[in-house]
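For reference, the chains in residue letters:
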Amino acid sequence: MTQVHRKDDRPEGTFHIPLGFASWDVNRVTLGIAGASVLGFLYLPIVVLMIFSFNSNPITRLPLTEWTLKWYDTAFSNEVLLIALANSVIVGAGAVAICLVIGVPTALALDRYEFPGKAVLRRFVILPLTLPGLITGVSMLAFFNMMGVSLSLATVLIGHGTALTAIVVTNVFARLQRYDRRIEEASADLGAGPLRTFWYVTLPNIRSTLIGSSLIAFTLSFDEIPVTFFLTGRDNTLPMYIWSTVRRGITPEINAIGSIIIAVSICLLLVAVFIMRGEDRRSGPRRARQAK
Amino acid sequence: MSEASRDYGRRRALGFAALFTGPALWWATVLLAPYALMFAISFYSKQFPFMIPDFQFGNYIKLFSENQYYTVLLRSLKVAFFVSCLAFALAYPLSYFLVFIVRRPRLRLFLYVATIIPLWVSYLLRAYTWKTILGTEGILNSFLILVGLTDEPVQLFLYNQFAMIVTMTYIYIPFMVMPLYASLEKIPRSLIEASKDCGVGNLKTFLRITLPLTVPGILVGFTFTFCLSTGDFIAPQLVGGPYSNMVANVVATQFGIANNWPLGSAFAMILLFIVLGIVTLSDKFERTGRLNVG
């Protein structure tokens, strides 16, 4: 969106606050306060969680007592929690692998080929994201049960993989639609087969999108409950462990591990967003048009 | 058809088969089959402790005739509606602020990303924190006591529908902001300036131009928040208390302790129909809306 307002557009008698905000008048100030309070509302719980993870009082209440790191210490010496953490990492990595192996060919098929049922497939694949997670969870539970598969981390992994592949499919599909196809034609003209073209031309061009959507899928898997709830056997993932703990009561230990999870996932997501934006800017449609 | 083009066609078909056979089988097995199975089970009958393959509508009839079940259904719709309205009331000023008040593109992008980020960050932790805020021993109560507004902790904050609505609104606001932001950003500034040049006031310009042009975004936002909150069972169980069972909670119970999968499947199917129905409807309205705008 181009900026229509220029400096000299401002009506006379208003002055500019050099904060990126617009001229000073009552409407704008009111809206500014409203916007800021909603943003505050969005971050209040996150800030509360982080502050209380460093607070010595075992009950989450005001006033704050002294600062401490002991909850982090308790969390990291809690073996059950650490096992759950390891399980979550395994499930997340496995789910990402499934997402890539299934998601990339699906996106390629949707982008390159016309086939009967294509429109249906496009809608069908994103169903697990559209529908409440619990529907996917119970239907897969019923399915595994009928097939005689006993519940374990493997069923959780398949469930996450299925539910999250849509993220890879939609991102990679969008990327394929936007990038300059002529370089692939050039590669074919120069005699490279489809596999070689994919490996040396297509893949490098969608690499950042793959990394970005994998990071997003991993973070979502790391946090997933509705599907895991129904598909897990004796093993717990980290969210399931937290869920069983917080239903009984509140422990500052959860605040500590929660603060770490939130910090790590915000970092992963920011990396994902900026990697994917960067790729589009480097070799997006604009660059292709300039080349003409 | 020439030899070469037939050959090309065959190679393409082969390429497609090589590419897509595996994924197609995968989708059919892990996604299509389970959904189909659940649909089938919703017609099964239950003879405790087994379920008998059957084709009867008893489960569905039960849902609409027994008080305890249709109350839950109505409650879910009501709560989801309140959550959507509240999320809208909070998200619209924020989106408007981001698009029209923040002028620096970089700052705007930063604030927008800051709004969206919580969406991807641990759903469970964000829901759980409200428990620590609203609880009897919680932050809100201890704050009220600290500043002297009350002597006794207020019991009213947690374990009721109010707590559930606050928590879910909080969780789903980013889903409302995204489409609103996108539709506000698309409005040509020249339209608004033209209206102001014609001497139309701010409020009237907003009501006549800005608001109608964001109707598609509003629809998408309502669809997201409504569907997500009808299908939520974690937040209600965490902060909702005894009278806050939602459809999704009943599904979870029927597949868990109550062990009545046919009834659970029927309820899950209802949930599925509600969500798909709303998605299809809003998609249709959004399309016609787009045509009208031109």
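How each quantity is defined
Residues numbered from 1 in each chain as written. Chains lettered and ligands numbered in written order. Predicted model: local features only at pLDDT ≥ 70, side-chain atom pairs only at ≥ 80, totals over all residues. Heavy atoms only, no water. Helix = DSSP H or I, 4+ residues; strand = E, 2+ residues; numbered from the N terminus. Rg over C-alpha atoms; globule rule 2.2 N^0.38 Å. Buried < 20%, exposed > 50% of the residue type's maximum accessible area, 1.4 Å probe, protein only. Contact = heavy atoms within 4.5 Å. Areas by Shrake-Rupley, 256 points an atom, 1.4 Å probe, with all protein chains shown as cover. Domains from an automatic or database assignment. Buried area = accessible area lost by both parts, 1.4 Å probe. Salt bridge = Lys/Arg side-chain N within 4 Å of Asp/Glu carboxyl O. Polar contact = N/O pair within 3.5 Å; in protein donor to acceptor, adjacent residues only side chain to side chain. Nonpolar A, V, L, I, M, F, W, Y, C, P; charged D, E, K, R; others polar. Expected span 1.5 Å × (residues − 1). Arc of directions from axis to C-beta. Axes fitted to C-alpha atoms, helices over the stretch in contact; angles between N-to-C directions. Parallel < 35°, antiparallel > 145°, perpendicular 65-115°, else oblique. Left-handed = near helix turned anticlockwise from the far one by under 90°. Patch = residues over 30% accessible without salt bridge, like charges linked within 9 Å, V, L, I, M, F, W, Y side chains within 5 Å. pLDDT = per-residue confidence, 0-100. Core = buried A, V, L, I, M, F, W, Y, C linked by side-chain atoms within 4.5 Å. Phe/Tyr/Trp six-rings, centres within 6.5 Å; stacked < 30°, edge-to-face > 60°.

1. Re the overall build of chain B
- Looking only at helices and strands, chain B features 13 helices and two strands.
- By the compact-globule yardstick of 19 Å for 294 residues, chain B is too spread out, its C-alpha radius of gyration being 25 Å.
- The C-alpha extent of chain B, read off along each of the three principal axes, is 75 × 65 × 30 Å.
- Of all 294 residues assigned to chain B, the portion counted as buried reaches 50%.
- Put simply, 69% of the contacts in chain B that link residues at least 6 apart link residues at least 24 apart.
- When the accessible surface of chain B is totalled, it reaches about 13900 Å², and 69% of it is carbon and sulfur.

2. Section: the domain arrangement of chain A
Residues and elements named next belong to chain A.
- The domains assigned to chain A are domain 1 (26-68) and domain 2 (71-291).
- The distance between the C-alpha centroids of domain 1 and domain 2 comes to 31 Å.
- Surface buried jointly by domain 1 and domain 2 totals about 910 Å² across both partners, of which 65% is contributed by carbon and sulfur atoms.
- Of all residues in domain 1, L49, M50 and S53 give up the largest surface area on contact with domain 2, accounting jointly for 48% of the area buried on that side.
- Inspection of the domain 1/domain 2 interface yields zero salt bridges.
- For the interface between domain 1 and domain 2, the tally reads three residue pairs in polar contact (both at pLDDT 80 or more).
- When the residues that make up the side of domain 1 that touches domain 2 are grouped by side-chain class, the tally is six nonpolar, six polar and no charged.

3. A look at helix α9 (residues 202-213) of chain B
Residue and element names in this part refer to chain B.
- Its twelve residues give α9 an end-to-end C-alpha distance of 15 Å, which sits within 8% of 16 Å, the value for a rise of 1.5 Å per residue.
- Every buried residue of α9 is accounted for by T205, I209 and T210. Buried residues in α9, looked at end-on, bunch into an arc of 85°, giving them a common side. Exposed positions of α9 whose direction lies more than 90 degrees from the buried face are L203 and R208.
- Buried residues along α9 sit against α3 (67-101), α7 (161-186) and α8 (189-197).

4. Looking at the packing of α8(B) against α9(B)
Residues and elements named next belong to chain B.
- The geometry of α8 relative to α9 is characterised by a closest axis approach of 10 Å and an angle of 150° between their N-to-C directions. On the basis of their axis angle, the class for α8 and α9 is roughly antiparallel. Of the two possible hands of crossing, α8 and α9 adopt the one that is right-handed. For the pair α8 and α9, contact is made by L191, I192, S195 and K196 and by N202, T205, I209, T210 and L213, respectively.

5. Thoughts on the interface of chain A and chain B
- Contacts between the two partners involve 91 residues from chain A, matched on the other side by 83 residues from chain B.
- Summed over both partners, the interface of chain A with chain B comes to about 8300 Å²; 78% of that surface belongs to carbon and sulfur atoms.
- Taken together, the links from chain A to chain B amount to one salt bridge.
- A salt bridge links D283(B) to R123(A), with the nearest nitrogen and oxygen atoms 3.3 Å apart.
- The interface formed by chain A and chain B contains nine residue pairs in polar contact (both at pLDDT 80 or more).

6. Focus: a nonpolar patch on the surface
- Together, V47(A), I51(A), F54(A), L64(A), W67(A) and L69(A) give the surface a local cluster of nonpolar side chains, amounting to about 580 Å² of exposed area.
- Along the chain, the position of W67(A) falls in the loop between α1 (26-53) and α2 (70-76).

7. Considerations on the pattern of salt bridges
All names here are of chain A.
- Counting across every chain of the model gives seven salt bridges over all chains.
- Across the salt bridge formed by E184 and R112, the nearest N and O atoms sit 3.1 Å from each other. Here E184 is found in helix α8 (residues 182-189), whereas its partner R112 is found in helix α3 (residues 79-112), with 72 residues between them in sequence.
- On the accessibility criterion, R112 (23% relative accessible area) is partly exposed.
- Salt bridges linked by common partners bring D111, R112, R181 and E184 together as one network.

8. Comments concerning the packing of helix α7 (residues 153-178) of chain A against helix α1 (residues 3-41) of chain B
- The interhelical angle for the contact between α7(A) and α1(B), taken along N-to-C directions, is 125°, at an axis separation of 10 Å. On the basis of the axis angle, α7(A) is oblique to α1(B). Handedness of the crossing formed by α7(A) with α1(B): left-handed. On the side of α7(A), the interface is formed by I158(A), T162(A), T165(A) and V169(A), while α1(B) contributes W26(B), W27(B), V30(B) and L31(B).
- Across the contact of α7(A) with α1(B), the residue classes break down as six nonpolar, two polar and no charged.

9. Examining the confidence of the model for chain A
Residue and element names in this part refer to chain A.
- A residue-level look at chain A finds 86% of positions with pLDDT of 70 or above and a mean pLDDT of 82.
- Low confidence marks residues 1-23, where pLDDT is under 50. Its contacts with residues over four positions away, or in another chain, come to 37 contacts.
- Of the regions scoring below 50 in pLDDT, residues 286-292 engages in four contacts with residues more than four places distant in sequence or in other chains.

10. Some words on the nonpolar core
- Counting residues in each nonpolar core, the largest one holds 160 residues, and the members touching the most others are L134(A) and I242(A).
- It is α3(B) that contributes the most residues to this core, 15 residues altogether.
- The two domains that each donate at least three residues to this core are domain 1 (26-68) and domain 2 (71-291) of chain A.
- In contact with I242(A), other than residues within four places in its own chain, are I254(A), I257(A), I261(A), L124(B) and L125(B).

11. A few points about the environment of G277(B)
- Tracing the chain through its elements places G277(B) in helix α13 (residues 261-293).
- As a C-alpha pair, G277(B) and A91(B) span 186 residues in sequence and 24 Å in three-dimensional space.

12. A short note on helix α10 (residues 215-230) of chain B
- For α10(B), which comprises 16 residues, the first-to-last C-alpha distance of 22 Å matches the rise-based estimate of 22 Å (1.5 Å per residue) to within 8%.
- Buried within α10(B) we find P216(B), G217(B), I218(B), V220(B), G221(B), T223(B), T225(B), F226(B), C227(B), S229(B) and T230(B).

13. Some points on the packing of aromatic side chains
- Evaluation of the coordinates by the stated rule reveals 30 aromatic pairs over all chains.
- Clustering of aromatic rings is evident, with ring pairs tying together F88(B), Y92(B), Y96(B), F100(B), F206(B) and F222(B).

14. Section: the side chain of T237(A)
- As for its placement among the helices and strands, T237(A) is situated in the loop between α10 (226-231) and α11 (238-248).
- Judged by its relative accessible area of 3%, T237(A) falls in the buried class.

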